[in-house]
Amino acid sequence: MTRFIVTENYEKMSEKAALIILQQINKKDNSLLGLATGSTPVGTYENLISWNQNGLIDFSAVKTVSLDEYMGVEETNEQSYRWFMNENFFNQINIKIENTHIPKGMAEDIDAECKEYERRIQLLGGIDLQLLGIGENGHIGFNEPTSFFEKHTHAVALKESTRKANSRFFGSVKSVPTHAITMGIGVIMSSKRIVLVVNGEHKAEALYKSFFENVDPMFQASILQYHQDVTVVADHDAMKVIYDKKVAFNDLISL
Ligand code: F6R
């Protein structure tokens, strides 16, 4: 089932998504959180950081697994997702850094790293809550449009559109890595709960296609229609196409 929570703007979207994570940690203090990188979840992390610093949320028993990492980028490089997560979240909360897991994009044997990463997720008891963003081309994690849904964690060649979208972090498209490791769709779908954060009109088409058109591997996020517990937290701008098409909602909560 998909539940929509629609908010006025990015700030409210971020606060709402952070509240859902707060509730998850209050319910289970050693939750395994699946985390996304990118611009969208930064505000969510900012709320969690501020609540943690004010003693309202405790990350000391929390464990995390990230969706993806660029290949060929050192962890210490500012462009790595490890660096991004440390900087924008982990270094500012009371999480134990050894409880934060991110695929190793510099691993010598990438296939072995993918298998080991997935085994670790299983050993940690599976993902309780997976936070997702979405690419304009419908990717979740770095599961790019293709003819099938890849089950397992794997290496992927990034689409030109993805490299272009992410070039804002690199200065030029040329500098964006060509490959990444990503959790597979099977891993994402085995999360007990999924929270998808989406903001901005540039994501409105993607949001519409994900939930109101047929499930199609050329638009990977559409698989989320088959998950039993998805909460979409979207701002009004991201809802534009859904509003324009006047689709009927069974379960729309508007805040
Ligand atoms: C990042 C990730 C990607 C992003 C997506 C949206 O870990 O898995 O799927 O969530 O590319 O990125 P932003 O939020 O930067 O628009």
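Right, let's talk about the pairing of strand 2 (residues 32-35) for a bit. Each regular strand carries side chains that alternate between the two faces of the sheet. Of the two faces of strand 2, both are covered, the one formed by Leu32 and Gly34 as well as the one formed by Leu33 and Leu35. Both strand 2 and strand 3 (residues 63-66) contribute to a ladder of 4 bridges, which runs parallel. Counted as the bridge partner of leucine 35 is serine 66 from strand 3. As for the winding sense of the linkage, the β-α-β connection from strand 2 through helix 2 (residues 42-53) to strand 3 is right-handed.

Across all of its chains, the model carries 9 salt bridges by this definition. One salt bridge in this structure joins lysine 104 and glutamate 75, with 3.9 Å as the shortest N-O distance. Of this pair, lysine 104 sits in the loop between strand 5 (100-101) and helix 4 (110-123) while glutamate 75 is found in the loop between strand 4 (68-70) and helix 3 (81-88), placing the two residues 29 residues apart along the sequence. Residue classification places lysine 104 among the partly exposed positions, given a relative accessible area of 40%. For glutamate 75, a relative accessible area of 39% corresponds to the partly exposed category. A salt bridge links arginine 193 to aspartate 229; the shortest N-O distance between them is 3.8 Å. With a gap of 36 residues between them, arginine 193 in strand 9 (residues 193-198) and aspartate 229 in the loop between helix 7 (204-212) and strand 10 (230-235) connect regions that are remote in the sequence.

Taken in spatial order, the 3 strands of this open sheet run 4-8-7, and their pairing is antiparallel. At either margin of the open sheet sits one strand with a lone partner, and together these are strand 4 and strand 7 (154-157). Neighbouring strand axes in the sheet, compared pairwise and without regard to direction, differ in orientation by 25° on average. Taken together, the 4 bridges between strand 7 and strand 8 (residues 179-182) define a ladder with antiparallel strand orientation.

Rules behind the numbers
- What you see as residue numbers is a count from 1 along each chain, following the sequence as written.
- Residue-level local features of this predicted model are given only where pLDDT is at least 70; pairs of side-chain atoms are given and counted only at 80 or more, and the full residue set underlies all totals for whole chains, interfaces and linings.
- Heavy atoms from the whole structure form the basis of all side-chain values; hydrogens and water molecules are not counted.
- For every residue, the accessible area (1.4 Å probe, protein chains only) is compared with the maximum for its type, and the residue is labelled buried under 20%, exposed over 50%, or partly exposed between those bounds.
- Helix and strand labels come from DSSP, where a helix needs a run of H or I of at least four residues and a strand needs a run of E of at least two; each type is numbered from the N terminus.
- For two strands to be treated as a pair, DSSP must find no fewer than two bridges joining them.
- Crossover handedness is defined by viewing with both strands directed away from the observer: a clockwise path from the first strand over the helix to the second marks the crossover as right-handed.
- We define a salt bridge as a contact between a side-chain nitrogen of Lys or Arg and a carboxyl oxygen of Asp or Glu at a distance within 4 Å.
- Under this scheme, a helix contributes an axis fitted over its contacting stretch, all axes are lines through C-alpha atoms, and angles between N-to-C directions fall in the 0 to 180 degree range.

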